[in-house]
Amino acid sequence: MDIPEQSLKKIEGNNKEREKVRKKLEAEPERSGNVISFFLFLSPMPTFIKIFKAKSVEAFMPDPYVTTTLNCALWVFYGFPFIHPDSLLVLSINAVGFGMEVIYVTIFLIYSDGAKRKKIFIALLIEATFFGIIVAITLAVLHGTKQRSLLVGTICIIFNIVMYFSPLTLMKQVIKTKSVKYMPFYLSLANFANGGIWFTYALLKLDIYVLKNYQIGPTFVTIWKAKSVQNFKPDPYLATIFNCGMWLLYGLPFVHPDSTLVLTINGIGLVIEGIFIIVFIICSDGPKRKKIFVVLLIEFIIWAIICVITMVVLHGTKARSLLVGIVCIVLNVIMYASPLTVMKQVIKTRSVKYMPFPLSLANFVNGLIWTAYALLKFDLFILIPNALGSISGAVQLILYGAFYRTTNWDEGATKGTSNIELSSSNV
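Residue indices follow the written sequence of each chain, beginning from 1 at its first position. Reporting of local features is limited, given that this is a predicted model, to residues whose pLDDT is at least 70; pairs of side-chain atoms are given and counted only at 80 or more, and all residues count toward the totals for whole chains, interfaces and linings. By convention in this description, side-chain values take in all heavy atoms of the structure and omit both hydrogens and water.

**Student:** Explanation requested: the overall build of the protein chain in the structure shown.
**Tutor:** Helix and strand definitions follow DSSP, with helices as H or I runs of at least four residues and strands as E runs of at least two, each counted in order from the N terminus. Tallying secondary structure elements over the protein chain gives 17 helices and 0 strands in all. In this scheme, a residue with accessible area under 20% of its type's maximum is buried, one over 50% is exposed, and one in between is partly exposed, where area comes from a 1.4 Å probe on protein chains only. Taking all 427 residues of the protein chain together, 44% fall into the buried category. Note on contacts: a residue pair is in contact if any heavy atoms of the two residues lie within 4.5 Å. In the protein chain, of all internal contacts separated by at least 6 residues, the share reaching a separation of at least 24 is 79%. Method for areas: the Shrake-Rupley scheme with a 1.4 Å probe, in which residue coverage is limited to the protein chains shown. Within the structure as shown, the protein chain displays about 22600 Å² of accessible surface, and the carbon and sulfur contribution to it stands at 71%.

Have a look at this one:
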C-alpha cells in the first residue's frame, strides 16, 4: 500500500525535529562538560598558591598531577581528526588541561626536595617514552580512524581509570592521619562533577571510550551474538581469575601492608574475569561447561589451602608475603609465557590474525606500569614477573609490526583451528 505524500512529509518533519532535539541534548553536556573540566583543571590552584607562599610542597603528593598530564596528552591525541573525527571539544579542553598540568608539575618540581624531584622526573620520562611509543604505533602500524581510535581509546580508558584512582594515595593518608588537610576539597568536587557530566555526554553520543567503563571485549561480543563459544578457549580467563585471586590475597594488609593499588585493581579484575567466565558457562555445551566447573573447583581448593597455610601456619607479614609472593610470581610467569605458542604460529604463518593487538598492547603496558611501580616500592615479587611480561609484550608488538602487512584478514579460519587468545595479568 502506498503512503500518501503528505504523510511522508509529516514523518520526515518529525525525524528532523527528533534529530534537532538529539543534537541539542548532545551539545548541552558537551558544553557543560568542557566548563566543568576547565574548573577541574583550575581546582588545584589554591593548593599551588599555598605551595608558592610556603616555598615548599610540604606533604602534598604529585601523583594526581603527573597522572593527569599523561591522561590529557592521550586524550588530545585521541581527539585529532585522523584518530577520532568530530571530537573538537575533547581535543580543545584536554589541550588546555595539558598546559595547566604542565604548569602545576613545573611548580611542584621547583619547590620539591631532591628525592621527590628525582621521582617526578623518572615518572615524566616513563610517560614521555610511553606516549611516543603509542604515537609511533598508531601512525606507522594502524591505518584508518576505526583501528586508531580503538587503540588510543582503549589506552585512554586505562589511564582515565589510573587518573581517577591516583587520589588513593591521598585517601590512605587521610584515613591514617584523620585529617583532610592535604586532600583539596575543590579537586574532589570537580572530579565528581566532571565524571558525571562526561558520563552523560558519552551516553548521548554512545562513545564507549569517553564513557570510561570496562567493556566486554570483541571475543565476548562474538560469543554472545552467536550464543555459542565456538572454538574459543576458556583457559586464559580461568588462569587470570586464579591469578587475580592470589594477588588479592597478597595485597591484604596482614599479608603485605601498603599494597592498596595491588588490592584494588585485582579486586576489579576478579569481578571482570568472573563475568567473562559466567558468559562462557552460559554459552558453552555440556562437556565444556563441566570442564570449567572442575577447573574452578581445583583453583578454589588450591587458593583456600594457600589461605589456610598463610593465616594459620605462618606468622608475621614477612613470612606470609614471601609464600604468597612466590606463588604469585610463578602464576604470573606462566601467564606471560603462555603467548609463546601464539608467537610461534605468527612467525610460521607470517600472520597476526589470531594474536589480538589490543591484548598484546595491554600485556606490554600492564607489565611496564607494574614494573615502574615495583621499582618505586622495590617489591621483587611484583618486579620479576612484570619485567618479563613487559619484554613478552614488546616482542608481541614487534611481531605485530613485522607481520601486519603480510596478514590475510579476509581468510576464513581453517576447520578445527582454534581461535587463540593471549592471557594477560592484572599485576
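**Student:** How should I be thinking about the environment of leucine 91 in this particular structure?
**Tutor:** Its location among the elements puts leucine 91 in helix α4 (residues 88-110). You can call leucine 91 buried: its relative accessible area is 18%. When the C-alpha atoms of leucine 91 and alanine 73 are compared, they prove to be 9.4 Å apart, with 18 residues separating the residues in sequence. Setting aside its immediate chain neighbours within four residues, leucine 91 contacts Val76, Gly79 and Phe80.

**Student:** Where do I start with the confidence of the model for the protein chain in this structure?
**Tutor:** Close inspection of predicted coordinates is inappropriate for parts of the model with low pLDDT. Mean pLDDT over the protein chain: 74, with 70% of residues reaching 70 or higher. One number per residue, pLDDT, summarises how confident the predictor is, and it ranges from 0 to 100. Across residues 412-426, confidence stays below pLDDT 50; counting only partners more than four residues off in sequence or on other chains, it has 46 contacts.

**Student:** I tried to follow helix α13 (residues 286-313) on my own but got confused; where do I start?
**Tutor:** A turn of α-helix holds 3.6 residues, and therefore any two residues three or four places apart point the same way. Expected span of a helix, by definition, is 1.5 Å for each gap between consecutive residues, and there is one gap fewer than residues. Here α13 is 28 residues long and its end C-alpha atoms lie 40 Å apart, about the 40 Å a rise of 1.5 Å per residue gives. Taken residue by residue, α13 has Ile292, Glu299, Ile306, Cys307 and Thr310 as its buried positions. Here α13 starts with a cap whose side-chain oxygen sits 3.2 Å from the backbone nitrogen of lysine 288, and that cap is aspartate 285. Two N or O atoms count as a polar contact when they lie within 3.5 Å, although within protein this holds only if one can serve as hydrogen donor and the other as acceptor, and sequence-adjacent residues are included solely when both atoms are side-chain atoms.

**Student:** Any chance you could explain the packing of helix α11 (residues 235-251) against α13 here in plain terms?
**Tutor:** Packed helix pairs are specified by the crossing angle of their axes together with the interaxial distance, meaning the distance between the axes. Running from N to C, α11 and α13 cross one another at 15°; their axes reach a closest spacing of 11 Å. Taken together, the axes of α11 and α13 lie roughly parallel to each other. The crossing of α11 and α13 is right-handed. Taking contact as the criterion, the partners of Asp235, Leu238, Ala239, Ile241, Phe242, Gly245, Met246 and Leu249 in α11 are, on α13, Lys291, Ile292, Val295, Leu296, Glu299, Ile302, Trp303, Ile306 and Cys307. Interaxial angles span 0 to 180 degrees and are taken between N-to-C directions of axes, which are lines fitted to C-alpha atoms, for helices over the stretch in contact. Put simply, angles under 35 degrees are roughly parallel, angles over 145 are roughly antiparallel, angles from 65 to 115 are roughly perpendicular, and the rest are oblique. Should the near helix be turned anticlockwise from the far one by less than a right angle, the crossing is left-handed, and should it be turned clockwise, the crossing is right-handed.

**Student:** It is not clear to me how the nonpolar core should be interpreted in this structure. Could you clarify?
**Tutor:** For soluble globular proteins, the rule of thumb is that nonpolar side chains tend to be buried together. Side-chain atoms within 4.5 Å link the members of a nonpolar core, which is a set of buried Ala, Val, Leu, Ile, Met, Phe, Trp, Tyr and Cys residues. In this structure, Leu74, Phe130, Ile134, Leu151, Ile155, Phe357 and Leu361 are the most contacted members of the largest nonpolar core, which totals 29 residues. Of all the elements in the fold, those that place two or more residues in this core are α3 (63-79), α5 (114-140), α6 (145-165), α15 (340-349), α16 (357-377) and α17 (380-403). If we skip the residues at most four places from it in the chain, isoleucine 134 touches Leu74, Phe77, Ile155 and Leu361. Grouped together as the second largest cluster of nonpolar side chains are 19 residues, Phe242, Cys307, Trp370 and Tyr373 included.

**Student:** Even after reading the chapter, I still don't get the packing of aromatic side chains, so can you show me in this structure?
**Tutor:** What describes a pair of aromatic rings is the distance from one ring centre to the other and the angle between the planes of the rings. The criterion for an aromatic pair is that two Phe, Tyr or Trp rings (for Trp, the six-membered ring) have centres within 6.5 Å, with stacked assigned to planes under 30 degrees apart, edge-to-face to planes over 60 apart and tilted to the rest. Per the counting criterion, the structure on display carries 12 aromatic pairs. Each ring, one from phenylalanine 77 and one from phenylalanine 80, has its centre 6.3 Å from the other, and the planes form 80°; the classification is edge-to-face. In textbook terms, an aromatic cluster arises when at least three aromatic residues are bridged by ring pairs, as seen for Phe48, Tyr65, Tyr104 and Phe108. The ring of phenylalanine 52 carries the charged tip of lysine 55 above its face, separated from the ring centre by 4.2 Å. Put simply, a charge is over a ring when the Lys NZ or the Arg CZ is close to the ring centre, within 6 Å, and near the line of the ring normal, within 35 degrees.

**Student:** Mind showing me how you'd approach unusual backbone geometry here?
**Tutor:** Trans is the common state for peptide bonds, and a negative phi is the common state for residues other than glycine. A positive phi angle is found at lysine 55, which is not glycine, with a value near 55°. Considering the arrangement of structural elements, one finds lysine 55 in the loop between α2 (45-54) and α3.

**Student:** It is not clear to me how the packing of α3 against α5 should be interpreted in this structure. Could you clarify?
**Tutor:** The geometry of α3 relative to α5 is characterised by a closest axis approach of 10 Å and an angle of 15° between their N-to-C directions. Judged on the interaxial angle alone, α5 and α3 are roughly parallel. The crossing of α3 and α5 is right-handed. Between α3 and α5, the contacting residues are Val66, Thr67, Leu70, Ala73, Leu74 and Phe77 on the first element and Ile120, Ala123, Leu124, Glu127, Phe130, Phe131, Ile134, Val135, Thr138 and Leu139 on the second. For this classification, the nonpolar set comprises Ala, Val, Leu, Ile, Met, Phe, Trp, Tyr, Cys and Pro, the charged set comprises Asp, Glu, Lys and Arg, and every other residue, Gly included, is treated as polar. For the contact of α3 with α5, the residue count by class is 13 nonpolar, 2 polar and 1 charged.

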